[in-house]
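Chain by chain, the residues:
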Amino acid sequence: MTEITAIADPYEIQFPRLDWTFHINPTAFTIFGMNIQWYGIIITFGLVLALLYVMPKMKRFGIDAEKALDAIIGGVVGGIVGARTYYVIFNWDSYKGDIMAIINTRNGGLAIYGGIIGSVAVGLIICKLRKIKFLPMLDITVLGFLIGQGIGRWGNFVNQEAFGSNTDSLFGMTGGEIQSTILADRASGLDYLQTVHPCFLYESVWCLLGFLLISLYSRKRKYDGQILLMYMTWYGAERFVVEGLRTDSLMIGSLRVSQILSAVICIISVMIQILMLIRVKKNPEKYVLYCNTEESKQILEQARKRRQGEDDDNIDYQPITDSDNNENIQEEEEYGTDN
């Protein structure tokens, strides 16, 4: 193991074998006496990037972006509430009796799986109300998840949290706050004078790589829901491995909650994909992508005419031909659909 010296500055972060040193105060700035944390800024930045990617791509999945925006906004709120609720539940001893601590997320304390559950649950309700097809909506949304997760994990870097066990790897890291955390929890068995796994980095790279690969494949998807299943497999496999390295896992007894959940999600999604590929191969006509249906084409045509200022009473609801739909897609992409 790489031996390191004690770090007095809590804001200093080191990657000794790479000879990198950073000094980052988790508080970015202060407004009217309120500290604004880098954690929140980074999470917000990831969300904005996800939206900038997802919104112009809605048409490719047969979805009216204006209607989808309602589901996205609701999903964001549900995601934040779900992420915090999930984290607090599994750390209840630290929060019970302190309402302000429960709602204070500026210093971290958001659980990814809770966020996914919350955003999907609220998004499903709004999709039902707004008559949005759920599987195509999830297919494009999970690509946004990968962007948000890949960027958002750097909030853990700033806070010096979500690190793993001791390691001698090239990317092993340490920091003033990391060493203090280890010293405060002797039961972890970690040596504060050795580097630890930068779990945030592993997950960030994996999510961004997954976004690149899965987004490229999305044009060749065979059925609605396939991108969702690929995301579940991709993220579930990574989280299962990385969660085993972490020292701050949410636990039920001696079991790592996220690791168990990741294994279940990965295995089930792989099984469903195998089953679906067999079904699609046997009967491809049955699994038509929603974006290729007359219903989707009419919805997109109505949305296009609304944007051009035509009254609903003047909209022609006759079926739209493939050539018309392709022309509309080309017109939409002129506004920057392929960022």
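A brief report on the enclosed structure follows. (Residues numbered from 1 in each chain as written. Predicted model: local features only at pLDDT ≥ 70, side-chain atom pairs only at ≥ 80, totals over all residues. Heavy atoms only, no water.)

1. Some points on the overall build of the protein
Phase 1: Looking only at helices and strands, the protein has 13 helices and seven strands in total.
Phase 2: Counting the 339 residues in the protein, one finds 45% classified as buried.
Phase 3: Across the protein, every contact between residues at least 6 apart in sequence was considered, and the portion connecting residues at least 24 apart equals 73%.
Phase 4: Carbon and sulfur atoms form 63% of the exposed surface of the protein, whose accessible area is close to 17,800 Å². (Helix = DSSP H or I, 4+ residues; strand = E, 2+ residues; numbered from the N terminus. Buried < 20%, exposed > 50% of the residue type's maximum accessible area, 1.4 Å probe, protein only. Contact = heavy atoms within 4.5 Å. Areas by Shrake-Rupley, 256 points an atom, 1.4 Å probe, with all protein chains shown as cover.)

2. What to know about the environment of cysteine 207
Phase 1: On the secondary structure map, cysteine 207 appears in helix 9 (residues 199-217).
Phase 2: Judged by its relative accessible area of 0%, cysteine 207 falls in the buried class.
Phase 3: Considering only alpha carbons, one finds cysteine 207 and leucine 143, 64 residues apart in sequence, at a separation of 9.5 Å.

3. Here's the deal with the packing of helix 2 (residues 65-89) against helix 5 (residues 112-130)
Phase 1: Here helix 2 crosses helix 5 at 150 degrees, and the two axes come no closer than 6 Å. Taken together, the axes of helix 2 and helix 5 are roughly antiparallel relative to one another. Classified by chirality, the crossing of helix 5 by helix 2 is right-handed. Contacts between helix 2 and helix 5 involve Glu66, Lys67, Asp70, Ala71, Gly74, Gly75, Gly78, Gly79, Gly82, Ala83 and Tyr86 from the former and Tyr113, Gly114, Gly115, Ile117, Gly118, Ser119, Val122, Gly123, Ile126, Cys127 and Arg130 from the latter.
Phase 2: Of the residues that constitute the contact of helix 2 with helix 5, the class distribution is eight nonpolar, ten polar and four charged. (Axes fitted to C-alpha atoms, helices over the stretch in contact; angles between N-to-C directions. Parallel < 35°, antiparallel > 145°, perpendicular 65-115°, else oblique. Left-handed = near helix turned anticlockwise from the far one by under 90°. Nonpolar A, V, L, I, M, F, W, Y, C, P; charged D, E, K, R; others polar.)

4. Digging into the sheet that holds strand 1 (residues 12-15)
Phase 1: Reading across the sheet, the three strands line up as 2-1-5 and stay open at both edges, with antiparallel pairing between neighbours. Each end of this open sheet is capped by a strand with a single partner; those strands are strand 2 (20-23) and strand 5 (174-175).
Phase 2: Judged from the four bridges that link them, strand 1 and strand 2 form a sheet pairing that is antiparallel. Looking across to strand 2, one finds that glutamate 12 is bridged to histidine 23. (Pairing = 2+ DSSP bridges.)

5. Some thoughts on helix 6 (residues 134-152)
Phase 1: Compared with an ideal rise of 1.5 Å per residue, which puts 19 residues at 27 Å, helix 6 spans 25 Å between its outermost C-alpha atoms and is within 8% of the ideal.
Phase 2: Of all 19 residues making up helix 6, 16 are buried, and the element is well covered by its neighbours. (Expected span 1.5 Å × (residues − 1).)

6. A few points about the pattern of salt bridges
Phase 1: Inspection of the entire model under this criterion finds nine salt bridges.
Phase 2: Across the pair lysine 96 and aspartate 93 runs a salt bridge whose closest N-O atoms are separated by 3.8 Å.
Phase 3: We classify aspartate 93 as exposed; its relative accessible area is 65%.
Phase 4: Close ionic contact of glutamate 301 with arginine 304 constitutes a salt bridge, the shortest N to O distance being 2.6 Å. Of this pair, glutamate 301 and arginine 304 both sit in helix 12 (residues 294-307), three residues apart, which is roughly one turn of the helix. Accessibility classification places glutamate 301 together with arginine 304 in one group, the buried group.
Phase 5: What emerges from the salt-bridge pattern is a single network uniting Asp64, Glu66 and Arg306. (Salt bridge = Lys/Arg side-chain N within 4 Å of Asp/Glu carboxyl O.)

7. Structural notes on the packing of helix 1 (residues 38-57) against helix 2
To describe two helices that pack against each other, one gives the angle between their axes and the distance between the axes.
Phase 1: Interaxial distance between helix 1 and helix 2 falls to 12 Å at its minimum, and their mutual angle equals 155 degrees. What the angle tells us is that helix 1 and helix 2 run roughly antiparallel. Crossing of helix 1 against helix 2: the hand is right-handed. Where helix 1 abuts helix 2, its residues Leu47, Leu51, Val54 and Met55 lie against Ala65, Leu69, Ile72 and Val76.
Phase 2: The class makeup of the residues in the contact of helix 1 with helix 2 is eight nonpolar, no polar and no charged.

8. So, the nonpolar core
Phase 1: Met58, Ile63, Met137, Ile140, Phe157 and Met173 are the most contacted members of the largest nonpolar core, which has 51 residues in total.
Phase 2: Top contributing element to this core by residue count: helix 6, with nine residues.
Phase 3: In this view, isoleucine 63 contacts Met58, Ala68, Ile132, Lys133, Pro136, Met137, Ile140 and Leu300; residues no more than four positions away in its chain are not counted.
Phase 4: Core analysis: the second largest hydrophobic core is formed by five residues, Tyr223, Leu229, Val280 and Tyr287 among them. (Core = buried A, V, L, I, M, F, W, Y, C linked by side-chain atoms within 4.5 Å.)

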